[in-house]
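A structural walkthrough
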Amino acid sequence: MSATAVQPASNPIDDKTVFYLEEEPHHEEGSSTMLGFWLYLMSDCLIFAMLFAVFGVLGGNYAAGPGPKELFDLELVALNTAMLLFSSITYGFAMLAMDRNNVKQTQVWLAITGLFGLAFLGIELYEFGHLIHIGATPQRSAFLSSFFTLVGTHGLHVTFGIIWLVTLMVQVGMKGLIPANKRRLMCLSMFWHFLDVIWIGVFTFVYLMGMLR
Amino acid sequence: MSAAKSDHSPESHDVDHLGHESHNHGSFKGYMIGFGLSVILTAIPFALVMTGVLPTNATAMIVMGAAAVQIVVHMIYFLHMNSKSEGGWTMMALIFTIVIVVICLAGSLWVMYHLNTNMMPTHDMTQMGG
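What counts, and at which threshold
- Residues numbered from 1 in each chain as written.
- Chains lettered and ligands numbered in written order.
- Predicted model: local features only at pLDDT ≥ 70, side-chain atom pairs only at ≥ 80, totals over all residues.
- Core = buried A, V, L, I, M, F, W, Y, C linked by C-beta atoms within 7 Å.
- Buried ≥ 20, exposed ≤ 12 C-beta atoms within 10 Å, placed from the backbone.
- Helix = DSSP H or I, 4+ residues; strand = E, 2+ residues; numbered from the N terminus.
- Contact = placed C-beta atoms within 7 Å.
- Nonpolar A, V, L, I, M, F, W, Y, C, P; charged D, E, K, R; others polar.

1. What about the nonpolar core?
All names here are of chain A. Of all hydrophobic cores here, the largest spans 65 residues; its most connected members are Leu150, Phe203 and Val206. Sorting elements by how many residues they give to this core places helix α7 (residues 179–212) first, with 18 residues. Beyond its immediate sequence surroundings of up to four residues, leucine 150 is in contact with Leu51, Phe52, Phe55, Val202 and Val206.

Below, the structure written as structure tokens:
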């Protein structure tokens, strides 16, 4: 019984031709970094999608508290949007300078990008401070909880982006535009532009659509 | 799109040592086109909402349309998305993500909207009052 059962099972294994690579394919160091980072960004995108969904569901629950029309100052948001858009284009210029292997220009454009990023954060913190000061805290209503979570998560990303940017400026200053640093700058480039894409969703669905509600 | 393609060839030898020949960092022209389009696509919705010249529904449609177009503009001119980079895997990952995002957003809003309307406390109160 057991012998007959084993016999047919072992036959196909003997017949099977197995191929081996004579040599492992050679991968340059960091050749998969960009794809890996893109996959990280996609997972980050899912985090923001969930926060957008939460805001979409709870965005109308004011709990008899203030709504978007009483709270939001569109001129401030427009200024904020401009800061982030300017920082995107200046980061693009930093990448172009990097392609020309121009360390000094790269550093200058990165510094300008960082300043625009700081301006964005400053304006956002001013807005948050103003809201909390007039009593529109995250505890006030479901609308404000989801608003602070969504916009705050984006702001936190920008904060870490700026920390990363300063780190890379130090790295480039110490080691120059070596391939590893170029790779890191390209990752931050994707991160930075990705945050701008998320901000398009924020100013459209939170601020502009909020004013239309 | 054509600007993004034309700038690829002169620098392709430059990135060979990084092992992904299909990656590009755009060109000055490409970034400026993307920036110009973004400024227009940001200014229009802000102007419409701040002035309120159009009816609310029309404004909402234009605002959302401009956002969708601007996201595509950013993807092409700033993130340099194309179907060939990394052997097409970035595009595959993006499409997969978009599908998941659409399912989650549409599903959440749809279900929670009906939950809200069907379980509204005022629903019972109006019946009692009538």
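From this point, the narrative continues.
2. A short note on the interface of chain B and chain A
Between chain B and chain A, the residue contacts involve 42 residues of the former and 41 residues of the latter. When contributions to the side of chain B that touches chain A are tallied by element, the ones reaching two or more residues are α3 (28–51), α4 (56–78) and α5 (89–118) of chain B. With 12 residues, α5(B) is the largest single contributor of residues to the side of chain B that touches chain A. Grouping the constituent residues of the side of chain B that touches chain A by class yields 25 nonpolar, 15 polar and 2 charged.

3. Focus: unusual backbone geometry
Residues and elements named next belong to chain A. Here alanine 64, not a glycine, exhibits a phi torsion of approximately 60°, which is positive. Topologically, alanine 64 is positioned in the loop between α2 (33–58) and α3 (68–71). Here the phi dihedral of asparagine 101 falls at roughly 60°; this positive angle occurs in a residue that is not glycine. Considering the arrangement of structural elements, one finds asparagine 101 in the loop between α4 (74–99) and α5 (103–133).

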